[in-house]
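Observations on chain architecture
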Amino acid sequence: MNSEIQARTPALSSRLPRVGTTIFTVMSALAAQHNAVNLGQGFPDFACDPSLVDAVTKAMQAGHNQYPPMIGVAVLRQAIARKIEALHRQRYDGDSEITITAGATQAILTTILAIVHPGDEVIVLEPCYDSYVPNIELAGGVAVRVPLTPGTFRPDFAKIAAALTPRTRAILINSPHNPSATIWSEAEMRSLQDLLAPTNVLLISDEVYEHMVFDGQQHQSAARFPGLAARAFIVSSFGKTYHVTGWKVGYVAAPATLTAEFRKVHQFNVFTVNTPMQYALAAYMADPAPYLGLPAFYQRKRDLFREGLAKTRFKILHTEGSYFQCVDISQVSDLGEADFCQWLTRDIGVAAIPLSAFYGMGFDQRVVRFCFAKQDATLLAALERLQKL
Ligand code: PMP
Ligand code: GLN
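All values reported here derive from a predicted model rather than from experimental measurement. (Residues numbered from 1 in each chain as written. Chains lettered and ligands numbered in written order. Predicted model: local features only at pLDDT ≥ 70, side-chain atom pairs only at ≥ 80, totals over all residues. Heavy atoms only, no water.)

1. A word on empty space enclosed by the protein
Vacant regions in the atomic arrangement are exposed by a probe of water-molecule size rolled over the atoms. Here the structure, examined in full by the defined rule, presents three cavities of 30 Å³ or more. Taken as a whole, the largest cavity encloses approximately 70 Å³ of empty space. In this structure, the largest cavity is lined by K83, I84, L87, H88, E207, E210, S221, A223, I234 and Y251. It is helix α4 (residues 74-88) that contributes the most residues to the lining of the largest cavity, four residues altogether. Class assignment of the residues belonging to the lining of the largest cavity gives a composition of five nonpolar, two polar and three charged. Approximately 60 Å³ is the volume found for the second largest cavity. If you go around the second largest cavity, the residues you meet are L125, P127, C128, Y132, L148, L172, I173, N174, H177 and W184. The element that contributes the greatest number of residues to the lining of the second largest cavity is strand β5 (residues 168-174), accounting for three residues. Grouping the amino acids of the lining of the second largest cavity by side-chain chemistry returns eight nonpolar, two polar and no charged. (1 Å grid on protein atoms, 1.4 Å probe; cavity = no way out; pocket = protein on both sides within 12 Å on 5 of 7 lines; lining within 4 Å. Points joined across faces, edges and corners; volume = space filled by probe spheres on them. Helix = DSSP H or I, 4+ residues; strand = E, 2+ residues; numbered from the N terminus. Nonpolar A, V, L, I, M, F, W, Y, C, P; charged D, E, K, R; others polar.)

2. Let's talk about the nonpolar core
Of all hydrophobic cores here, the largest spans 63 residues; its most connected members are Y298, F314, Y323 and F370. For this core, the element with the most residues is helix α5 (residues 103-115), which contributes six residues. Leaving out residues up to four positions away in the same chain, Y298 has contacts with P44, F46, M212, F214, H243, Y323, F372 and A373. Counting residues in each nonpolar core, the second largest holds 58 residues, with Y92, I173, L228 and W247 among its members. (Core = buried A, V, L, I, M, F, W, Y, C linked by side-chain atoms within 4.5 Å. Buried < 20%, exposed > 50% of the residue type's maximum accessible area, 1.4 Å probe, protein only. Contact = heavy atoms within 4.5 Å.)

3. Re the sheet that holds strand β9 (residues 315-316)
Judged by pairing direction, the sheet is antiparallel, and its four strands sit side by side in the order β9-β10-β13-β12 without closing on themselves. The open sheet has two free edges, formed respectively by β9 and β12 (353-354), since each of these has just one partner strand. Relative to strand β13 (residues 367-371), strand β10 (residues 324-328) runs antiparallel, the two being bridged by five bridges. When the bridges of β13 are listed, D328 appears paired with V367. The strands touched by helix α14 (residues 294-309) within the sheet are β9, β10 and β13, with β10 carrying the most contacts at an inclination of about 15°. (Pairing = 2+ DSSP bridges. Axes fitted to C-alpha atoms, helices over the stretch in contact; angles between N-to-C directions.)

4. Section: the site of ligand 1
Within the structure, ligand 1 sits among 13 residues, and T105, D206, Y209, K240 and K248 are positioned closest to it. Side-chain polar atom of Y129 to a nitrogen atom of ligand 1: 2.8 Å apart, as the coordinates give it. One of the side-chain nitrogen or oxygen atoms of K248 is found 2.6 Å away from an oxygen atom of ligand 1. Among the detected pockets, ligand 1 sits in the largest pocket. With three residues, α5 is the largest single contributor of residues to the shell around ligand 1. (Near = heavy atom within 4 Å. Polar contact = N/O pair within 3.5 Å; in protein donor to acceptor, adjacent residues only side chain to side chain. Sits in = over half its atoms within 2 Å of the grid points.)

5. Description of the pairing of strand β3 (residues 121-126)
Counted residue by residue, β3 has six buried out of six residues, so it is predominantly covered. Burial of β3 is two-sided: the residues E121, I123 and L125 facing one way and the residues V122, V124 and E126 facing the other way are all buried. Where β3 meets strand β4 (residues 142-147), six bridges bridge the pair, whose relative direction is parallel. Note that in β4 the partner of E121 across the bridge is V142. Tracing the backbone out of β3, into helix α6 (residues 132-138) and back to the parallel element β4 gives a crossover that is right-handed. Where β3 and β5 come together, four bridges link them in parallel fashion. Note on β5: the bridge partner recorded for I123 is I171. (Right-handed = clockwise from strand over helix to strand, strands pointing away.)

6. A short note on the site of ligand 2
Inspection of the region around ligand 2 gives F24, Q41, G42, Y129, N178, Y209, K240, F324 and R369 as its neighbouring residues. Contact between ligand 2 and Q41: an oxygen atom at 2.6 Å from a side-chain N or O atom of the residue. Between a nitrogen atom of ligand 2 and a side-chain N or O atom of Y129, the distance comes to 3.1 Å. Relative to its free-state accessible area of 300 Å², ligand 2 is covered by the protein chains to the extent of 83%. Given that more than half its atoms are within 2 Å of the pocket grid, ligand 2 belongs to the largest pocket. Its residues assigned to classes, the shell around ligand 2 shows four nonpolar, three polar and two charged. (Areas by Shrake-Rupley, 256 points an atom, 1.4 Å probe, with all protein chains shown as cover.)

Just distances and angles here, no functional claims.
Here is the structure:
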């Protein structure tokens, strides 16, 4: 628009005054600009199973092109309920306890808008995914940031207990964890269950990386723990599991009374989620092999990437789950994390994400995150550059 019109635009008081463009968007743009290998933003650079794409085409050709039911198509909700029961021995009712969402991002925002009243506190464990705190603030809530233990990123239950107040409405957890790649153990989930037992605090359990757990470990879904499942909104996303992050289809599983409140907001938030993808995902889920094979698929990539990193001066942190690998940069550079990631992208040609982006106060512990959901050739190309450091 011309400057005359722009000058007449009323000034706005921002709902999110401290928020800029997300680090993932910024780093992907910088990577493209400098032709860098993009190990920053988390997404696969390889194709999904062609039969999944065929299933979408078939659904479109079968005429599934109008609004689906507000809560999602029945066959997909039933398929999700069957899968959760098979994996975690918890029976969710596909009609009243599962809702299809436009990815996990919308699922989390809608959950928060449905449960948080102005002034309510929501506990987040830092470092945490960058949408959580702005979501809480949009609902008029107060984000209470509790640090995961520095160095190990394990939950500190004494600190979580100390953060609980009569205003605490919910706690938000994420396992496997972005960015630290830790996964919660059964004992840790039980500790959370015990801690919350005497309270009315709700749980939002972000489990988008549920099928990326390594070294024979088991994903400890909140669904497995009755005292947690009773109070939990469990969030997942097909984008991660089936290598289709651009489809933006996910779901929320929660007890019927919680789901009813979720849907009140959902219907005025997105109303419905694209129909043909839902039919395709339902058909594709009939075969458990793709998600059961995911740990081995990603563990091989993790190990390939770590072998290469072992020949660099980075200190390699643990990766128990997710498709992220964190490294300590202190032997490689004197720069802070954010400057290091910019420099690494521009001068070395590999994009990474600074961990400080997952903290409110920009805490800099000299650790950056790489995503290894990439073709082997991409990982090898990045490693060749990193080994020059
Ligand atoms: N939570 C976490 C921890 C994530 O890493 C992501 C991935 N970007 C999301 C939520 C959002 O998932 P989706 O792309 O399905 O919205
Ligand atoms: N979840 C992905 C990551 O952590 C990216 C999603 C996004 O770009 N917002 O890298």
